[in-house]
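Observations on the model geometry
These are the residues of each chain, in order.
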Amino acid sequence: MKRYNINHIRELESEAIFVMREVAAQFERPVLLFSGGKDSIVMVHLALKAFYPAKLPFPLLHIDTGHNFVETLKFRDNLVKKINARLIVGSVQESIDNGRSVEEKGYNASRNILQTTTLLDTIEKYKFDAAIGGARRDEEKARAKERFFSHRDEFGQWDPKNQRPELWNIFNGRKNIGEHFRVFPLSNWTEMDVWQYILMENIELPNLYFTHEREVFNRDGVWLAKAPFMKLKPNEKYETKKVRCRTIGDITCTGLTLSTAENIEDIIREIAATRITERGGRFDDKRSTSAMEDRKKQGYF
């Protein structure tokens, strides 16, 4: 395997740490959004480095859809205990029970979109003024329109046509009451950079990222995992396949990759050879060509 450019990775690390320290300096009540996926795990690792030997100056926030992989929740709880962090959980099920969100119905029903309401309600409840996320500009075309400091109005909405310029390393975190920012320290990272950093730093990950046998079914070219709340169409059936997650989210929209990658080196080789983007297997992105941008305008991650 071709050796990665250590200087390049360290420059990205330094930039991300700088952005996190800027958040701690400019905002009174920041929070780190934690999904249990590799990018948010890397974010936690970077935050620990940024503020060592002190504890993290902000809590972790996980929006629980109720349709998460069991492995994700177990990893989340173990990590929080290990680093002695404060964890806040926003429940999509509670949003449904309280009438704030309406459960989708049908074969393609998902709670992924419902996360937006729960996230905004949780930000309002705890008065967070900055939410640090692990989004990268290479993930999806709507992500590429973001800044490091991404302003949200009093309704939690994002306007891609009205963003503040970011010259050099000067970030403008000024806001009015009720507004907040989403901050993306990994903006200049690629999927390959993340995996090379994980390899270099020996960062622990959920076993979902490595090849394992799982019962899955194929829907419109995407392999989806078996779960009690997944409803099969008449022409669909479960099969046992060797798969892994390339990106982790709600089970209803997380496409699984047929793979034999059993370690990080294998994953890096696999990514280097593939022609499919990381989110190419996300079933929710197939709803429309502007699915991600529409959700982000409404307050999504």
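Located above this text is the structure these notes cover.
As a starting point, this report considers the structure included with it.

Pairing within the open sheet is mixed, and its six strands lie in the order E3-E2-E1-E4-E6-E5. Here the strands that pair on one side only, and so sit at the sheet edges, are strand E3 (87–91) and strand E5 (149–152). Put simply, the sheet's adjacent strands are angled 30° from each other on average, direction ignored. Where strand E1 (residues 30–33) and strand E2 (residues 60–64) come together, two bridges link them in parallel fashion. Bridge pairing in E2 places Leu33 opposite Leu61. Each of E1, E2 and strand E4 (130–132) is contacted by helix H2 (residues 38–51), which is oriented at about 140° to E1, the strand it contacts most. Helix H5 (residues 115–126) rests against E1, E2, E3 and strand E6 (180–183) of the sheet, and its axis sits at about 145° to E2.

Residues Leu167, Trp168 and Ile170 make up a contiguous nonpolar surface patch of roughly 420 Å² in combined accessible area. Residue position: Trp168 is located in the loop between E5 and E6.

Let us now look at helix H6 (residues 191–201). Here H6 lies mainly inside the structure; nine of its 11 residues are buried. Within H6, the full set of buried residues consists of Glu191, Asp193, Val194, Trp195, Gln196, Tyr197, Ile198, Met200 and Glu201. Buried residues along H6 sit in contact with helix H1 (6–26), H2 and helix H7 (264–273). In the stretch just after H6, Asn202 is the one whose phi turns positive, near 55°.

Rules of the game
Residues numbered from 1 in each chain as written. Predicted model: local features only at pLDDT ≥ 70, side-chain atom pairs only at ≥ 80, totals over all residues. Heavy atoms only, no water. Pairing = 2+ DSSP bridges. Helix = DSSP H or I, 4+ residues; strand = E, 2+ residues; numbered from the N terminus. Axes fitted to C-alpha atoms, helices over the stretch in contact; angles between N-to-C directions. Contact = heavy atoms within 4.5 Å. Patch = residues over 30% accessible without salt bridge, like charges linked within 9 Å, V, L, I, M, F, W, Y side chains within 5 Å. Areas by Shrake-Rupley, 256 points an atom, 1.4 Å probe, with all protein chains shown as cover. Salt bridge = Lys/Arg side-chain N within 4 Å of Asp/Glu carboxyl O. Buried < 20%, exposed > 50% of the residue type's maximum accessible area, 1.4 Å probe, protein only.

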